[in-house]
Amino acid sequence: MVDEDVVAALAGSFLGRLPPDVVGQLLAAGHRTDYPAGSTIYREGSAPKALLVVNGLLRVYMTSPEGRQVTVRYARNCDVLGIAVLVGGPADVGAQTLADCTLFRIDGATLTAVGRNDSCVAWALAEELGRRLYENLQQTAINAFGTVRQRVAGHLLDLASAQQRPRGDLVARVTQQDLADAVGSAREVVARVLRDFRLAGLVATAPDRIQILDADGLYDQSWNPAAG
């Protein structure tokens, strides 16, 4: 039975530009799985696997020896995770769902075998790796040089996802002063940013906790270069 949601997501991804026979092989060999928010779908050093995001929001992160986490990538509808590990082997990253997600497991053996024998497929994989490199560079720049709005949005997502439990809400247990210290700004400035987020329906605030109501919308704020 054809899963129309999977077909649509695959068509919207870079995989949709592969030759039709290759797309057919990937659809036949893969399988769909639903995950609740807060699920860890890849752990450091795990066996390589590739996933197509049918719907939802995920983050890819690294963890320091002290347990601190930093996000290196977010993935949304039609994004593909895991091409780098198919090519280069296991990576020291984790991947976690921030919302309920539907993922399509891509058969890595099928994709890599076709890539070794078809230059068009190999070039498409190379282009995808290039896009992911530039995206990671942009994420690094935002972490270091982003506006206060971008840094607050990104830090809230990082904090809440690090504290999230499977099927649990996204809640960052942090005061406004601690948040201001973390992003290198004044509490009054951070308070104004949080007020804007609250009015936009992105978060709900309390004295020592901030609940993320719209993770997708908050992610957009973290990437918007015009955000002030």
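About the criteria used
- Here, residues in each chain are numbered from 1, in the same order as that chain's written sequence.
- The predicted nature of this model means local features are confined to residues of pLDDT at least 70 and side-chain atom pairs, given and counted, to a pLDDT of 80 or more, with totals for whole chains, interfaces and linings taken over all residues.
- Here the side-chain values reflect all heavy atoms present in the structure, with hydrogen atoms and water set aside.
- UniProt positions are given in the numbering used here, feature names are shortened, and annotations may be inferred rather than shown by experiment.
- Labels follow the DSSP assignment, with helices taken as runs of H or I lasting at least four residues and strands as runs of E lasting at least two, numbered in each case from the N terminus.
- Any helix carries an expected span of 1.5 Å times its number of residues minus one.
- Burial status follows relative accessibility: with a 1.4 Å probe on protein chains alone, a residue under 20% of its type maximum counts as buried, one over 50% as exposed, and anything between as partly exposed.
- Each patch is built from residues lacking any salt bridge and having more than 30% relative accessible area; the joining distance is 9 Å for like charges and 5 Å for nonpolar side chains (Val, Leu, Ile, Met, Phe, Trp, Tyr).
- For the accessible areas, the method is Shrake-Rupley and the probe is 1.4 Å, while residue cover comes only from the protein chains on display.
- For this analysis, a salt bridge means a side-chain nitrogen from Lys or Arg found within 4 Å of a carboxyl oxygen belonging to Asp or Glu.
- For two strands to pair, DSSP has to find at least two bridges joining them.
- Angles here are taken between N-to-C directions and fall from 0 to 180 degrees, while the axes themselves are lines fitted to C-alpha atoms, restricted in helices to the stretch in contact.
- The criterion used for residue contact is that any of the two residues' heavy atoms lie within 4.5 Å.
- Stacked, tilted and edge-to-face are the three classes assigned to paired rings of Phe, Tyr and Trp, where Trp is represented by its six-membered ring and a pair needs centres within 6.5 Å; plane angles under 30 degrees give stacked, over 60 edge-to-face, the rest tilted.
- Put simply, a charge is over a ring when the Lys NZ or the Arg CZ is close to the ring centre, within 6 Å, and near the line of the ring normal, within 35 degrees.
- Angle categories: roughly parallel below 35 degrees, roughly antiparallel above 145, roughly perpendicular from 65 to 115, and oblique for all the rest.
- When residues are sorted by character, Ala, Val, Leu, Ile, Met, Phe, Trp, Tyr, Cys and Pro go into the nonpolar class, Asp, Glu, Lys and Arg into the charged class, and all the rest, Gly among them, into the polar class.

- Identification of the protein as CRP/FNR family transcriptional regulator from Kribbella pratensis is taken from an unreviewed UniProt entry.

**Focus on the UniProt feature "domain: HTH crp-type" (unreviewed entry) in the protein**
And step 1. The positions that UniProt labels "domain: HTH crp-type" (unreviewed entry) are, in the present scheme, residues 146–216.
And step 2. Summarising residues 146–216: 55% helix, 15% strand, and an end-to-end C-alpha distance of 18 Å.

**Overview of the UniProt feature "domain: Cyclic nucleotide-binding" (unreviewed entry) in the protein**
And step 1. UniProt annotation of "domain: Cyclic nucleotide-binding" (unreviewed entry) refers to residues 14–114 when read in the numbering used here.
And step 2. Spanning residues 14–114, this segment combines 23% helix with 39% strand, and its end C-alpha atoms are found 15 Å apart.

**Focus: helix H6 (residues 148–163)**
And step 1. Counted at 1.5 Å a residue, the expected span for H6 with its 16 residues is 22 Å, and the 22 Å between its end C-alpha atoms agrees.
And step 2. Among the residues making up H6, those that are buried are Val-148, Arg-149, Gln-150, Arg-151, Val-152, Ala-153, Gly-154, Leu-156, Leu-157, Asp-158, Ala-160 and Ser-161.

**Side note on a nonpolar patch on the surface**
And step 1. Side chains of Leu-133, Tyr-134 and Leu-137 sit close together on the surface and give an oily, nonpolar patch of about 350 Å² of accessible area.
And step 2. Here Tyr-134 is to be found in helix H5 (residues 119–145).
And step 3. The exposed category is assigned to Tyr-134, whose relative accessible area is 60%.

**Brief notes about unusual backbone geometry**
And step 1. Of note in this structure, Cys-78 is not a glycine but carries a positive phi near 75°.
And step 2. Here Cys-78 lies in the loop between strand S5 (69–75) and strand S6 (80–81).
And step 3. Classification of Cys-78 as partly exposed rests on a relative accessible area of 24%.

**Some thoughts on the sheet that holds strand S3 (residues 50–55)**
And step 1. Strand order in the open sheet formed by 4 strands is S1-S8-S3-S6, and the pairing between neighbours is antiparallel. Looking at strand neighbours, the two that pair on one side only are strand S1 (31–35) and S6, the edges of this open sheet.
And step 2. Bridge count between S3 and strand S8 (residues 101–106): 5 bridges; the pairing is antiparallel. Counted as the bridge partner of Leu-51 is Arg-105 from S8.

**Notes on the sheet that holds strand S4 (residues 58–63)**
And step 1. One open sheet holds the 4 strands; their spatial order is S2-S7-S4-S5, and the pairing between them is antiparallel. Whereas interior strands pair on both sides, the edge strands pair on one side only; in this sheet they are strand S2 (40–42) and S5. With direction set aside, neighbouring strand axes in the sheet form an average angle of 35°.
And step 2. Alignment of S4 against strand S7 (residues 94–97), held across 4 bridges, turns out to be antiparallel. Bridged to Arg-59 within S7 is Gln-96.
And step 3. Running at roughly 105° to S5, H6 makes contact with S4, S5 and S7 of the sheet.

**Notes on the packing of aromatic side chains**
And step 1. Summed over all chains, the structure comprises 1 aromatic pair.
And step 2. The lysine or arginine in question, Arg-59, covers the ring of Tyr-61, its NZ or CZ lying 4.2 Å from the ring centre.

**Examining the packing of H6 against helix H8 (residues 187–199)**
And step 1. Contact geometry of H6 with H8 gives a least axis separation of 10 Å together with a crossing angle of 70°. Comparing their axes, H8 and H6 come out roughly perpendicular. Here Val-148, Arg-149, Val-152, Ala-153 and Leu-156 of H6 come into contact with H8, specifically with Val-189, Val-190, Val-193, Leu-194, Asp-196 and Phe-197.
And step 2. In terms of residue class, the contact of H6 with H8 is built from 9 nonpolar, no polar and 2 charged.

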